[in-house]
Every structure is written in C-alpha cells, then in structure tokens.
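Understanding the architecture of this molecule
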Amino acid sequence: MKNRTLIYYVVLLLGISLFSCKEKDGYHSISDKIEGESRPYHGNLSSEDLLMDTELIQITEGEFTFLIPERKGQIKSFACIECHSKPVSQMKGTTAQKAHWDITLNHANSDAMDCATCHNGEDMNSLNTLTGKNIDFNLSYKLCAQCHSSQFEDWKGGAHGKKVAGWAPPRASNTCVNCHNPHSPSFETRWPVQYNTQKGIERKEGLDH
Amino acid sequence: MSENKKWYSLDLGLNKTKKSSGTCGCGNAEGSCSSTPKKEEELSPDEFYEAAINASIGEERHKDGFDQVFDVKMDRRSAFRKLTASLLIGAGAVSTSCSVTTGDKSKEKAQIDWEEQFKGNYKLMTDEEKQGTIERLMRSYELRTDKNISMTAENAAEDVLFGYAFNISKCQGYMNCVSACVEENNQDRNSEMQYIRIHEMKDGEGFKFDKADDNYYHEVPAEGHFYMGTQCFHCDNPPCVEVCPVQATWKEEDGLVVIDYDWCVGCRYCMAACPYDGRRFNWSKPEVPENEVNKNQHYLGNRMRKKGVMEKCTFCVQRTRKGKNPACVEACPTGARIFGNLLDPKSTIRWVLENKKVFRLKEDLGTEPKFWYFMD
C-alpha cells in the first residue's frame, strides 16, 4: 500500500515537471533560446552585394577577422611624398606656400600630443607609433588603440562604431577615422534634426499624459 | 494567382483580357485593339448580376423556404463577409460593370478590390497567395497613381533571430534615427507619427520616463543630461500579440513582431497591452507626399497603411530581410545602435550581450524584449 502511494507520487511529480515547465517553444527565457538555437549562420543572406561599392581591406586583430574601408584612396592629398619630398625639418622656414592651414589639432592637450605623435617627419607616407615604428595609413586604428584601449576592445568586438552595410556576414566595420576626425575627434554639439510639432501641440493642450 | 483560394472569386473576365492583350502588340491596357474580340469579355448586366449573386450567396439561392435560413453553415466572420460582399457588389462592382463608359482599368481595379477584400490573413497564406496579394497591391498602386512600387513578401530566413542593442553612453540625442525611420517607413506626415522616441533624462536621476522630455529642441547633448531611445522591442513573449482578438499581429520566425494591416480591425487592444509604448494608431488617413514615398516596400513593413489600423517598428523588415541594417542603425551618427543575428555566435550583437553589462526595460514583466541597453 505504501509502495503504491510512493509510485503514485513519483508519477505525479514526473508529470508535473514534464508539463508545468513547458513554455510555448520549450524555452524559459530568450537567453535560453539563444543558447539552444545558436548555430553559425549559413544562410543565403550576405552583405557582399551591399559592400560592392566600398573598397575594403581585411584585418585580423586577436580572434577577430573582419573588413574595414580602405583609407589611402580617400585622402585627397595622398601620397604625401608628392610634396614632402624632404623631411619636414628641412622644409620648415622655406618660402614655399603654407599647406594644411585648415588643420588645427584639437586632440588631447599639447603636452601629450603634437603632430609628430602620429606623423613621421622623416617619412610622411606612413604613420608613426609611440615607439617610432611605421604604420600604414590604412591601419590607422592601430595608432588610436595605443591610448584608447578600451574603445579598441569594444570596436573589435563590435560594441563601438558602425558597420559599413548590413548585419549579414561578412562583417565590415567602419574604422576610427570614418567617424572621428583624427585631428579633432570628439563630436560637436548641434541641434536635433527634427522637432515634432504635433506632439508639441498635444502636450500643450494636455491631450497627452 | 493560385486556384484553390480561400475566398470567393469574382471573375469580371479580366484574366481572359490579360491573355488576349498579351498576344496583341499595341501594349495599351486601356482602349481597344482591333484584333481583340472585345464583345466576349464584357458581361452583360444580367450576366454580371447572376455571377455576383452566385459569388455572394452561392448555393443558398437554390434552397427553398426553411432551408435558406437554417441549412447554412455560417459563423460570424463568414456572415459578415457575405454582408460586405453584397454591399460591395451593390455599390461598386455592378456600377462599374453596367456602365458603358467604364474602361478595362476600372474593371481591373474592381477585380483587385474584390480579391483584396476577401483575401485571408497573411499569417495563413501560402507563398503563392502572398505573391498574389503583393502583385495585386502593386498593380492597384499603379492603377491609382500611375507610379510603380516594388513590394516583396520575403519570409524569415533560417537561423536568424533579430536582436538590438542600444548604447546609452553613446547616444547624443541628435534624432537622426527618428527622421530616417519616418522617411524609410512612410509614416503619416500630417500627424507626424514616429516609432522612435529619444528621451532626454537628467543625470543622476536614473530612468524616470515621466520626468524625461522626448520632444526637446535645443542644442544637444545638453549639459547634465543623457539620452536613450525606445521603440518596439520585438518581445519574445509579446503581450500585444496575446490580446489581439483577430490575430492580425504575430511573431515571425526571425522574431519580428508584425502586423497585417489588412487584417487589423483597429481595436487598439495591442496599444493598451504594450508596456513600452511601441505601437501607433492611424487616427486619420496616413499621407505621404508622392515624391517622398519609399517605394521599396514589404507587405509587413513600410507599405502604405490606411485609416484605423495599428502600425509599429518592424526593425525595417523590408531592409533587414535583405541583410541590411534598419534605417535607424544606419542613420545613427554616434554608433549607439547595434543590430544583428542573435543566433550567430560570431555576430557583433552576441559579443555585446556576452561582454557588456546589458539590461532591458521592465524585465520583470517577462515580456523578454529583444532590445538591450548597455553602457561603455
């Protein structure tokens, strides 16, 4: 008799655990669902067509491999050695016309940074790390990463910055200089692009909460 | 068009016209072409009347007395349908058909209106039927405005579940996302409907939506304030879908919560059920200037709505099902908006969820929004 009750309870317990916990699609939460249904995406959708118009280069940083826009073709006065045929020190003080008058450095304070922090006076065609190693203009993010390491981590993972076209693979991310002017990197205050007049009227008349 | 439709067909003889006009090289939809025998296609008023009655009440007219009333299988929906059918026939179709001056165009319009009136719920349609309805809608737009639109009915792709992340430390309140959304999704310009709200909140006070301003107009970012955006969160357990009495809104396979604007009856239960103010109602006929209409449309997305139906953010289904990012993500100048496939372990949205400290609004409600907030 006792055994029977025990079996009865066990069966009941099993039944309850089987039926009561079932959600509609078998998951308790969205994170369970993501975990349960995760698999590498092998669909037909791809951003390749969307990326056709952009010249891209592939980079690998740590575990991440993705595309970034090519830069040198976008700089109007590249290659720099077309003018900078001599080192900067030798060009200073000459009567030649002044160039780059439109650039004012508004990046960190002058104790920390000047032109030579990134540019190499001896070889203007490439950039210059803090330790004096040459960096290609296409890979300028490496310079930024020297100081902005947390932003660099976020950018590699995809939390900082913008994608070039779409969400579908292959991943193509804008690089630092596509959004930030390297000589004046912070964003300026400006007016919002729109104002909702209808909402304004409704609020004024107390039609909205 | 598929043969085994779930609604009555009213054949005004246009299918035949199409075939014959195909063989004739004049390419003119309206007006006659000498090689086409025109007489055959036009129904006489009597014939049309017969056909219309047949379509609306069918076999019932062959029954007599009692049977007419009692021997009918009818639920409320079909009763309503039949009522509307007779109204429509009375008012629209007959007048177009009986009139001598009506051209093929208005007849085609009547045919399309008929088919559209009695089509089923998009959720239950086969791919063929979906194709049929978007073709009718495109043709109808062409007949009404002489302009072409492109509408698709792409289904959800496999292994895709859309998710969104919003970086509160990056948003500066420029509202580029809001205007890009309006332009992309053909929202009513008169009532200035907007899916996205950007809330300006005071530093140090946390999320206080009642004290926040979502319609500011001054230089941003304003001193001592931070900004965050809300829109439809495409909940995995959406309360708005639960309450819809006609199942005009549902969750697609890729997680998008969508609306069939042609099935919606405008009761606004969903609007009341949504805890996030994600849904909008068309109190008047939505109007968009012809030159501003976005002509790349999706049936479930930015196609033109009508008065009295609900609408909302669809994560730009017309873009995202082609692999693009939603318009707001693309427009954001600060990169505060991250979009991607939650099921792809290599996607950036997954990296955000796994590496940043994320949270969602009103998580305790169990709505499971697929829209996360995070900070740098």
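For the structure itself, look to the data block above.
To keep things clear, this report deals only with the structure shown in the data block. Computed from a prediction, not measured in an experiment: that's the story for all the values here.

Counting its regular elements, chain B contains 12 helices and 11 strands. Counting only contacts in chain B whose residues sit at least 6 apart along the sequence, the fraction spanning at least 24 positions is 65%.

Turning to the interface of chain A and chain B, a few remarks are in order. Size of an interface: often given as the accessible area lost when the parts come together. Counting residues at the interface gives 43 residues for chain A, matched by 44 residues for chain B. Looking at the side of chain A that touches chain B, the elements with two or more residues in it are α2 (30–37), α6 (149–157) and α8 (197–204) of chain A.

Moving on, we get to helix α6 (residues 127–145) of chain B. Residues and elements named next belong to chain B. With 19 residues, α6 extends 27 Å from end C-alpha to end C-alpha; this agrees with the ideal 27 Å at 1.5 Å per step. Regarding α6, the residues found buried are Glu 129, Thr 133, Ile 134, Arg 136 and Leu 137. Considered in projection along α6, the buried side chains sweep an arc of 155 degrees and stay on one side of the axis. Where α6 is buried, its residues touch α5 (104–117) and β1 (150–152). Where α6 ends, the next residue or the one after it, Asp 146, has phi of about 65 degrees, a positive value.

Let us look at the sheet that holds strand β10 (residues 337–341) of chain B. All names here are of chain B. Spatially, β10-β2-β11 is the arrangement adopted by the 3 strands of the open sheet, whose pairing is mixed. A single partner strand is all that each edge strand has here, and the edge strands are β10 and β11 (371–374). Averaged over neighbouring strand pairs, the angle between their axes works out to 20 degrees when direction is ignored. Alignment of strand β2 (residues 162–167) against β10, held across 5 bridges, turns out to be antiparallel. The partner of Phe 162 across the bridge, within β10, is Asn 341. Relative to the sheet, helix α12 (residues 348–355) contacts β2, β10 and β11, its axis offset from that of β10 by approximately 110 degrees.

It is worth spelling out the pairing of strand β1 (residues 56–61) of chain A at this point. Moving residue by residue along a regular strand, the side chains alternate between the two faces of the sheet. Two elements, β1 of chain A and strand β2 (residues 64–69) of chain A, share 6 bridges in a ladder whose sense is antiparallel. Following the sheet pairing, Ile 59 of chain A is matched in β2 of chain A by Phe 66 of chain A.

This brings us to the pairing of strand β4 (residues 225–230) of chain B. All names here are of chain B. Within β4, 5 of the 6 residues are buried, which leaves it mostly tucked inside the rest of the structure. Alignment of strand β3 (residues 197–202) against β4, held across 6 bridges, turns out to be antiparallel. Looking at the pairing, Arg 197 lines up with Thr 230 of β4.

So, on to the environment of Val 243 of chain B. All names here are of chain B. Its place among the elements puts Val 243 in helix α8 (residues 239–243). A tally of 16 C-beta atoms within 10 Å means that Val 243 is categorised as partly exposed. Residues Val 243 and Tyr 269, spaced 26 residues apart in sequence, show a C-alpha to C-alpha distance of 6.3 Å. Ignoring sequence-local partners within four residues, the contact set of Val 243 consists of Tyr 269, Cys 270 and Ala 273.

Cut-off values and rules
Residues numbered from 1 in each chain as written. Chains lettered and ligands numbered in written order. Predicted model: local features only at pLDDT ≥ 70, side-chain atom pairs only at ≥ 80, totals over all residues. Helix = DSSP H or I, 4+ residues; strand = E, 2+ residues; numbered from the N terminus. Contact = placed C-beta atoms within 7 Å. Expected span 1.5 Å × (residues − 1). Buried ≥ 20, exposed ≤ 12 C-beta atoms within 10 Å, placed from the backbone. Arc of directions from axis to C-beta. Pairing = 2+ DSSP bridges. Axes fitted to C-alpha atoms, helices over the stretch in contact; angles between N-to-C directions.

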